[in-house]
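Chain by chain, the residues:
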Amino acid sequence: MENEIITALPGTRDLLPEEISLWHLVEEATRKTFACYGFHEIRTPLLEAAELFARGIGGETDIVGKEMYTFMDQSGRLVSLRPEATASVVRACIQHSMHRGGEVTRLYYIGPMFRHEKKQKGRWRQFYQIGAEALGSDHPAVEAEVIEMILFFLESLGVRSRLVINSVGDGLCRPGYVLLLRESLQQHRAGLCPDCQRRADTNPLRVLDCKVESCQPIIAGLPKISDHLCEDCHRHFADVQDLLQEAGIPFAIEPRLVRGLDYYVKTAFEILSGDLGAQNALVGGGRYDGLAETLGGPRIPGFGFAMGLDRLVMILPEEIRARARRPPDLVLAHMGEAALRKALALARELRHLGYSCHLDLRGGSLKSQMRQANRLAASHVLIIGEDELARGRFLIKRMADSTQREVTREELFAYMHAERVTHEPDTGAA
Ligand code: HAM
């Protein structure tokens, strides 16, 4: 037992170098697109007071009730690994009075979240989100602008998706609807799955997005929230739809979309991708005008979203994957100790000019070094043997067409520069 190999915990994983270049590409595209929409990055702690999420997300939700990693720290404080970041961002906004600028505060984040969920494809216990929150305005234009940004971002990455929206009402109209729902659920109680029987008492709205087959006919017959919105919520929802249409954004209204967090009022939305399989929600978000007050702050209306970064990476098309591969510009193949030293010196100069260089420091045969250059998909190989050293001329081979030529040190720099200008890849993902 003592010497058994220790592996990563279930639901967590290592992101290895082959995959991470894709993550970098997505993160760069995020920064670029989100900056165009005036969003600035915020990094909040991964560890927060457990109460922040209990109050913010709601004690009856699955996230808080079943999925949070919560423990007592050494000072006797109950803390949680963050299961999401909206509550943290709103806490930070209140704590640092960021809402006082008189403008909409636009913040985004990229980072890990933790939920002890059942393991399945597309679902991890440590997963990553790209999210953004616009704080300080209850105008429906916020919804339109933020959703436009997400779709623009996804389009830049060649991802096909589908937007579904709903209104979940507010403190004025939702309680009446929940009462109606509860009554209706009581009539069908016997036909509901055990989870929904419990939800019918604790959180009836959650019945609406149950995926169990036997519940579907009952759910189809339940009253729809859109028929019970107050005037303010109704107008807001109509305005959001108008603005989306004006921006040329297609959407479908999904009356059963309620989302699993209690802070939402009015607009709720998801962006789905058919390429994801069962866990098809790529993005989830909505409006949370009362959250700041729930957390002890002033009224700060807000709207935002989070996107599953793990899920996004899973469905990136091949052309984006190809763009993320960054093979070395040059492999310096060397034979003998003196050639290795020359290779090190040349690589040093080239690296300082921004070229990525690779040397096999185990000093294998020329054949094995060429094989490695192929494996790395290097653009060029420079061959430095004793003969080349003596003459001060090296053989450079372009791997794409196997053409080779002899170059001096100076000619090598000129050659690499010319190649870079001709073949510079388009690194701008967005
Ligand atoms: P959420 O719907 O809980 O919303 O999560 C948003 C997205 O995170 C999901 O659509 C999914 O892509 C990804 N996600 C969630 N759980 C997992 C998991 N276990 N494994 C992999 N990916 C996962 C929120 O978190 C809200 N804070 C969104 C928000 C921001 N609302 C307003 N502002």
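The preceding data block contains the structure.
Residues numbered from 1 in each chain as written. Predicted model: local features only at pLDDT ≥ 70, side-chain atom pairs only at ≥ 80, totals over all residues. Heavy atoms only, no water.

## As for the overall build of the protein
Check the secondary structure of the protein and you find 16 helices and 16 strands. What you see for the protein is a C-alpha radius of gyration of 28 Å, clearly larger than the 22 Å of a compact globule of 430 residues, by over 25%. The C-alpha extent of the protein, read off along each of the three principal axes, is 90 × 60 × 45 Å. For the protein, buried positions account for 49% of its 430 residues. For the protein, the share of sequence-separated contacts (at least 6 apart) that also reach a separation of at least 24 residues comes to 69%. In the structure as shown, the protein presents an accessible area of about 21,500 Å², 52% of it carried by carbon and sulfur atoms. Charge centroids of the protein, computed over 53 positive and 58 negative side chains, lie 4 Å from each other. (Helix = DSSP H or I, 4+ residues; strand = E, 2+ residues; numbered from the N terminus. Rg over C-alpha atoms; globule rule 2.2 N^0.38 Å. Buried < 20%, exposed > 50% of the residue type's maximum accessible area, 1.4 Å probe, protein only. Contact = heavy atoms within 4.5 Å. Areas by Shrake-Rupley, 256 points an atom, 1.4 Å probe, with all protein chains shown as cover. Lys, Arg positive; Asp, Glu negative; His and termini not counted. Charge placed at Lys NZ, Arg CZ, Asp CG, Glu CD.)

## A closer look at the pattern of salt bridges
In a structure, side chains of opposite charge can pair up when their charged atoms sit close to one another. By the definition in use, this model includes 32 salt bridges. A salt bridge links Glu143 to Arg287; its shortest N-O distance comes to 2.9 Å. Linking Glu143 in helix H5 (residues 140–156) with Arg287 in strand E10 (residues 281–287), this pair joins segments that are 144 residues apart in sequence. (Salt bridge = Lys/Arg side-chain N within 4 Å of Asp/Glu carboxyl O.)

## Re the site of the ligand
Neighbouring residues of the ligand: 27 residues in total, closest Glu84, Glu117, Trp124, Glu133 and Tyr264. Within the contact set of the ligand, a nitrogen atom lies 2.5 Å away from a side-chain nitrogen or oxygen of Glu117. One of the backbone nitrogen or oxygen atoms of Trp124 is found 2.8 Å away from a nitrogen atom of the ligand. Here the ligand has 660 Å² of accessible area as a free molecule, and 95% of this is covered by the chains. Secondary structure elements with two or more residues in the shell around the ligand: strand E6 (126–135), E10 and strand E11 (302–308). By residue number, the principal contributor to the shell around the ligand is E10, which donates six residues. Its residues assigned to classes, the shell around the ligand comprises 12 nonpolar, eight polar and seven charged. (Near = heavy atom within 4 Å. Polar contact = N/O pair within 3.5 Å; in protein donor to acceptor, adjacent residues only side chain to side chain. Nonpolar A, V, L, I, M, F, W, Y, C, P; charged D, E, K, R; others polar.)

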